[in-house]
Amino acid sequence: MKSLKDYRRSLSARLSVWTVLVVTAIFLAALGIMFAESRDHVRKDTLGKAQQTLDGTVLHIDNTLRAVEVAANNMLRVIESNLDKPDKMFDYSRQVLETNPELSGCSISFEPFYYKEKGEYFSAYSYNNGDSIETENEGADYYQYHTMDWYLIPKLLNRPYWIEPFQEDDDWGIVVQDIFSSYSQPIHDKAGKVVGTFSVDIPLDWFSDTVSATRPFPNSYTILLGKGGTYLVHPDSTRQFYETIFTTSLQESDSAIESLGRAMIAGESGYRQMTYHGELLHVFYKPFKNTGWSVAVICPESDVFAAFNQLRRTVRLVTAIGLLLLSTWFIVSRSVRPLQKLVDSTHQMTQHEFTGEIPDSTREDEIGRLQRRFKALQQSLSKYVGKVRQQSAVLEARRAELQEAYDRAKAEEHVRNAVLHQMTADMSAPVADITAVSRTICEEYQEMTDDYMDAMVDKIEKDANQVGEMLNQLLREAT
Amino acid sequence: MSTILRFILLTVVLLLCPPKVQAEKMVFMTSWTAQAQFAGYYVAYEKGYYKEAGVDVEIRHPSLTTTPLVCLRREQPDAIMLSLMSAMDLISQGIPMVNIFQDSMNSSQLLISRRDNDPLKMKGRKVAIFNPDPNYLAYVVSKKEQLNFQIIRCTSHINLFLSGAIDATMATSYNEYLQLLQSGYPLSKESVYRFSDHGYNIQEQGVYVSRSYYQDHAKECQQFAKATRLGWEWVAQHPEEALEIVMKYVRSDHSATNLTLQRRMLQEVLNLQIDADSKKRDFRVRRDMVEKANKLMLACGLLKHSVTFEELTIP
């Protein structure tokens, strides 16, 4: 049966446990809410930053390209007004590059035999090699520009068109190693007939540098897709210009990448999450107004939630330290719990209680050994005290018996004394008679008749017999 | 040793060991920039099959901004890769060419239209063909099916197609078709017309030399063909290793392609090499296909005169 102390201790322990549990639950809930709020906040912040960076880049490129378009459109009017002066075309193509240093090349090209005196090929081409501007007629049997994208597409569409980046492989005349894109538009004569095309070239490097610089976070990167999904900018240079976003799907379908690619080349703007090579990525994409190309900023999860992860790491560290301390306390507490039991047991032992429970211990350390030895000591003491108590009980019983015997003997003695006293008292009368009779006889012996004498002797004999019986009785009592 | 004996011994040694003659270089020009279509040639070179056969081959890739005829005139390669119909066209124009090796046994030609249209219902529409080696079958089907295509000669089909500047394009199943798939353009079955499925299975790429060159270098040409065949057989047995060699050429040539595309291309090219009848890689010009091509081209006015199997092949 529990003592009041035990009961109080138990109640206190239960209250403590409940308090700890409730406080822990409240703490965890608060921590959870704080984490969720922080995550949401950080997410909104970082994603907003990524979106802003993307918007800024797209706007910057759109504006630059728009400026190129405006410059080209202005020159187109000059060209169309001077179609009767073919040789001026060389000056115009040169002039475009002189006034637009971001452009690397300019072609003013005409349909076969448009200028009969110029033959089948007439294309006034200028190229800015960085040091100077070279100009030539680039058309020839070896360079049949009428079949090239930059000539055919605006001619067939009869409207301006941004040509996908390309690299030419001819090795005659002005050799251009750059990969570039062209803004090409048809040249019309006064009757509105397409008579040629006018193209200005902008190096892909310009886009690469501008787009690659779009890095809202340290590990984020940017890709730029052409209309056919070609990676015009990609952090992996072996894929840039050589692969499209769908290339890997030729071998193994990847629906996430394909879906992103289709959305991008369809000119959509958006945001999506996707897993690529086991990593969660946040992708923002937006098309350029002018070219139809699409740029995407790709932010790894680790970047988007870098601040949040830092907070989480700190909280984890603090929690870990707390748990470590708690564990240490728990372990130490658990380790010294036997000692506490031993203290309690010792206390009980000082109160002559040797039956307090000391559990068995399997621990091999000092505390385990102490616990086992203390238990052995307790058991030994308990046995010893048990024996002592048993012997005490025996002794007590014996003492009680002795006391009882003593009391009984004393009572018997008292009775015996009373009896003796009574007997002595009883004997005194006959003895006194005997004495008185004897004295009378001795004093009056002469004067006594024989009868009287006989009567005296009989009396003495009677009293003597009475005394003799009393003595016999006394002797009987004495034994 | 007497002077006479020394003279006799020297004479015997000279007779037994003829002076080493430096092999004349044979410049071979492919029909396109570096890609898996030419894997057998690359392998024959890299594995030393040409050298072992005693031919000093130099592999060149053409500029895409011109035509084979201009290439022949300008760069004067000894051997050039042409489609069967192109070779017949050149021969009919008076340029005697002779086939020394045929690596394609089937037609890879496709007509692909935009927006799921049936290519044979695109009357009067703009159809792109390849300028350096025209897709003659586009003319044939246009004429035979009375489609009156507006033929647009281009250097590269893909951007033209994606831009919407044309309504359909000719393509090869091993190159442009794969490029279109790679561009993410949705292609339905209905929009792809495979010529070989409609009675137009005419073999394509082969290696040609001028008849005069062949007359002077018959042995080299035969050795070239033998070594090339060995190259292709090795490719068929070791496609992945062959791709490594292909990619070496691709990188060197700065071709805008990639390993994945080249792998698919090689698979298709190897399939196209298997003859429909013998089910083997025969590497030969088929008389029936020459006759069929001759008939189709003549009917469409693509040949000035009939070109016979004998004119085209080694006597």
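Just so you know, the residues in each chain are numbered from 1, in the order the chain's sequence is written. Going through the entries in the order they are written, you letter the chains from A and number the ligands from 1. Side-chain atom pairs in this predicted model are given and counted only at pLDDT of 80 or more, local residue features only at pLDDT of at least 70, and totals for whole chains, interfaces and linings cover all residues. Side-chain calculation: all heavy atoms of the structure are included, whereas hydrogens and water are not.

1. So, empty space enclosed by the protein
All names here are of chain B.
Link 1 in the chain: Using protein atoms alone on a 1 Å grid, points that fit a 1.4 Å probe yet trap it form a cavity, whereas open point sets bounded by protein on both sides within 12 Å along at least five of seven lines form a pocket; residues with an atom within 4 Å of a point count as lining. Grid points are joined across faces, edges and corners, and a volume is the space filled by probe spheres set on the points. According to the stated counting rule, one finds four cavities of 30 Å³ or more in the structure shown.
Link 2 in the chain: The wall of the largest cavity is formed by 25 residues, among which Q109, D133, N135, T172 and Q205 lie closest to the centre.
Link 3 in the chain: The helix count covers DSSP runs of H or I at least four residues long, the strand count covers runs of E at least two residues long, and both are numbered beginning at the N terminus. Those elements giving two or more residues to the lining of the largest cavity turn out to be helix 6 (136–144) and strand 8 (168–172).
Link 4 in the chain: Per element, the largest residue contribution to the lining of the largest cavity is three residues, and it comes from strand 8.
Link 5 in the chain: Within the lining of the largest cavity, the residues separate by chemical class into 10 nonpolar, 12 polar and three charged. Gly falls in the polar group here, along with every residue not listed as nonpolar (Ala, Val, Leu, Ile, Met, Phe, Trp, Tyr, Cys, Pro) or charged (Asp, Glu, Lys, Arg).

2. A look at the interface of chain B and chain A
Link 1 in the chain: Residue contacts are defined here by distance: any two heavy atoms, one from each residue, within 4.5 Å place the two residues in contact. Between chain B and chain A, the residue contacts involve 37 residues of the former and 32 residues of the latter.
Link 2 in the chain: Here the quantity called buried area is the accessible surface, traced with a 1.4 Å probe, that two parts lose on coming together, added over both. For the pairing of chain B and chain A, the buried interface totals around 2,800 Å² over both sides, and the portion due to carbon and sulfur atoms is 55%.
Link 3 in the chain: When the area that chain B buries against chain A is broken down by residue, the three leading residues are T65, R74 and Q182 of chain B, summing to 22%.
Link 4 in the chain: One side-chain nitrogen of Lys or Arg within 4 Å of one carboxyl oxygen of Asp or Glu is enough to make a salt bridge. Viewed at the interface, chain A and chain B are joined by zero salt bridges.
Link 5 in the chain: Pairs of N or O atoms within 3.5 Å make up the polar contacts considered here, provided that, within protein, one atom can donate a hydrogen while the other can accept it, and that residues adjacent in sequence are counted only when both atoms are side-chain atoms. The interface formed by chain B and chain A contains nine residue pairs in polar contact (both at pLDDT 80 or more).
Link 6 in the chain: Elements with a contribution of two residues or more to the side of chain B that touches chain A: helix 4 (68–74), strand 7 (150–154), helix 7 (158–163), helix 8 (176–182) and helix 12 (259–272) of chain B.
Link 7 in the chain: The residue makeup of the side of chain B that touches chain A, split by class, is 13 nonpolar, 19 polar and five charged.

3. What to know about helix 11 (residues 239–253) of chain B
Residue and element names in this part refer to chain B.
Link 1 in the chain: To estimate the expected span of a helix, subtract one from its residue number and multiply by 1.5 Å. Compared with an ideal rise of 1.5 Å per residue, which puts 15 residues at 21 Å, helix 11 spans 20 Å between its outermost C-alpha atoms and is within 8% of the ideal.
Link 2 in the chain: Relative accessible area decides the class of each residue, using a 1.4 Å probe on protein chains only: under 20% of the type maximum gives buried, over 50% gives exposed, and in between gives partly exposed. Among all positions of helix 11, only A242, L243, I245, V246, M247, Y249 and V250 are buried.
Link 3 in the chain: Where helix 11 is buried, its residues touch helix 2 (39–46), strand 2 (56–60), helix 10 (218–237) and helix 12.
Link 4 in the chain: Immediately downstream of helix 11, the backbone of H254 shows phi near 55 degrees, a positive value.

4. Focus: the sheet that holds strand 8 of chain B
All names here are of chain B.
Link 1 in the chain: In space, the five strands of this open sheet follow the order 7-6-8-5-9, with mixed pairing throughout. Only two strands of the sheet have a single neighbouring strand rather than two, namely strand 7 and strand 9 (192–194). Shown here is a sheet whose adjacent strand axes are inclined to one another by a mean of 30 degrees, direction ignored.
Link 2 in the chain: Following DSSP output, two strands are said to pair if at least two bridges run between them. Here strand 5 (residues 109–113) pairs with strand 9 via three bridges, running antiparallel. Pairing of L110 across the sheet is with R194, part of strand 9.
Link 3 in the chain: A fitted line through C-alpha atoms represents every axis, and for helices the fit uses only the stretch in contact; the resulting angles, taken between N-to-C directions, go from 0 to 180 degrees. Against the sheet, helix 6 touches strand 5, strand 6 (126–130), strand 7, strand 8 and strand 9, its axis set at about 175 degrees to strand 7.

5. Things to note about the sheet that holds strand 2 (residues 122–128) of chain A
All names here are of chain A.
Link 1 in the chain: Spatially, six strands are ordered 3-2-1-6-5-4 in an open sheet, and the strand pairing comes out antiparallel. What marks the edges here is a single partner per strand, and that holds for strand 3 (133–137) and strand 4 (161–166). The average undirected angle you get between the axes of adjacent strands in this sheet is 15 degrees.
Link 2 in the chain: Sitting on the sheet, helix 2 (residues 88–99) is in contact with strand 1 (105–110), strand 2, strand 3 and strand 6 (194–203), with an inclination near 25 degrees to strand 2.

6. Digging into the pairing of strand 2 of chain B
Residues and elements named next belong to chain B.
Link 1 in the chain: Residues V57 and I59 point to one face of strand 2 and are all buried, whereas D56, E58 and R60, pointing to the other face, are not buried.
Link 2 in the chain: Bridge analysis of strand 1 (residues 25–29) against strand 2 gives five bridges, and the strand direction is parallel. Within strand 2, the position partnered with F28 by the bridge is I59.

7. Regarding the packing of helix 2 of chain B against helix 11 of chain B
All names here are of chain B.
Link 1 in the chain: Interhelical geometry of helix 2 versus helix 11 gives an angle of 95 degrees and a closest axis separation of 9 Å. As summarised for this structure, helix 2 and helix 11 are arranged roughly perpendicular, according to the angle between their axes. On the side of helix 2, the interface is formed by A39, Y42, V43, Y45 and E46, while helix 11 contributes A242, I245, V246, K248 and Y249.
Link 2 in the chain: Classifying every residue of the contact of helix 2 with helix 11 gives eight nonpolar, no polar and two charged. Should an angle fall under 35 degrees it is called roughly parallel, over 145 degrees roughly antiparallel, and 65 to 115 degrees roughly perpendicular, with every other angle called oblique.

8. Details of the pattern of salt bridges
Link 1 in the chain: Tallying each qualifying case throughout the model produces 22 salt bridges over all chains.
Link 2 in the chain: A salt bridge links R66 of chain A to E69 of chain A, with the nearest nitrogen and oxygen atoms 2.8 Å apart. Of the two residues, R66 of chain A and E69 of chain A both sit in helix 1 (residues 4–81), three residues apart, roughly one turn of that helix.
Link 3 in the chain: In this structure, the salt-bridge partner of E111 of chain A is K155 of chain A, at a minimum N-O distance of 3.3 Å. Of this pair, E111 of chain A sits in the loop between strand 1 and strand 2 while K155 of chain A is found in helix 3 (residues 149–157), placing the two residues 44 residues apart along the sequence.
Link 4 in the chain: Ionic contacts of the salt-bridge type, sharing partners, join the residues D275, D277, R286 and D288 of chain B into one network.

9. Describing the confidence of the model for chain B
All names here are of chain B.
Link 1 in the chain: Across chain B, the average pLDDT comes to 89, with 92% of residues at 70 or higher.
Link 2 in the chain: Averaged over each element, pLDDT in chain B is lowest for helix 1 (residues 3–16) (40) and highest for helix 2 (98).
Link 3 in the chain: Ignoring residues within four places in sequence, the model shows residues 1–21, a span with pLDDT below 50, making two contacts including any to other chains.
Link 4 in the chain: Interface predicted TM-score (ipTM) for the complex: 0.88; the corresponding pTM is 0.74. One number per residue, pLDDT, summarises how confident the predictor is, and it ranges from 0 to 100.

10. Overview of unusual backbone geometry
Link 1 in the chain: Phi at F241 of chain A is positive, roughly 80 degrees, even though this residue is not glycine.
Link 2 in the chain: Mapping F241 of chain A onto the fold places it in the loop between strand 8 (231–233) and helix 5 (247–251).
Link 3 in the chain: At Q146 of chain B, a residue that is not glycine, the phi angle is positive and equals roughly 50 degrees.
Link 4 in the chain: With respect to the helices and strands, the residue Q146 of chain B is situated in the loop between helix 6 and strand 7.

11. Quick look at the environment of Y174 of chain B
Residues and elements named next belong to chain B.
Link 1 in the chain: Considering the arrangement of structural elements, one finds Y174 in the loop between strand 8 and helix 8.
Link 2 in the chain: In this structure Y174 comes out as buried when scored by relative accessible area, which is 6%.
Link 3 in the chain: Residues in contact with Y174, not counting those within four places in the same chain, are Q35, Q37, S108, E204, Q205, M265, E268, V269 and L272.
Link 4 in the chain: Engagement of the side chain of Y174 in a polar contact is seen with the side chain of Q37, the distance being 3.0 Å.

12. A word on the environment of I112 of chain B
Residues and elements named next belong to chain B.
Link 1 in the chain: Topologically, I112 is positioned in strand 5.
Link 2 in the chain: Among the residues examined, I112 registers a relative accessible area of 0% and is labelled buried.
Link 3 in the chain: Distance from I112 to M26, taken between C-alpha atoms, is 37 Å for residues 86 residues apart in sequence.

13. Concerning the packing of aromatic side chains
Link 1 in the chain: Pairs were defined over the aromatic rings of Phe, Tyr and Trp, the Trp ring being its six-membered one, requiring ring centres within 6.5 Å. Orientation was assigned from the angle between planes: stacked under 30 degrees, edge-to-face over 60, tilted for the rest. For the structure shown, the criterion picks out 27 aromatic pairs over all chains.
Link 2 in the chain: With a centroid separation of 5.5 Å and 10 degrees between ring planes, the pair formed by F110 of chain A and Y114 of chain A is classed as stacked.
Link 3 in the chain: According to the relative accessible area criterion, F110 of chain A is buried, its value standing at 0%.
Link 4 in the chain: For Y114 of chain A, a relative accessible area of 30% corresponds to the partly exposed category.
Link 5 in the chain: Centre to centre, the rings of Y193 of chain B and F195 of chain B are 5.0 Å apart; their planes meet at 90 degrees, and the pair counts as edge-to-face. Neither Y193 of chain B nor F195 of chain B differs from the other in exposure class; each is buried.
Link 6 in the chain: The structure contains a cluster of three or more aromatic residues connected by ring pairs, namely F28, Y41, Y50, F101, F224, W232 and F283 of chain B.

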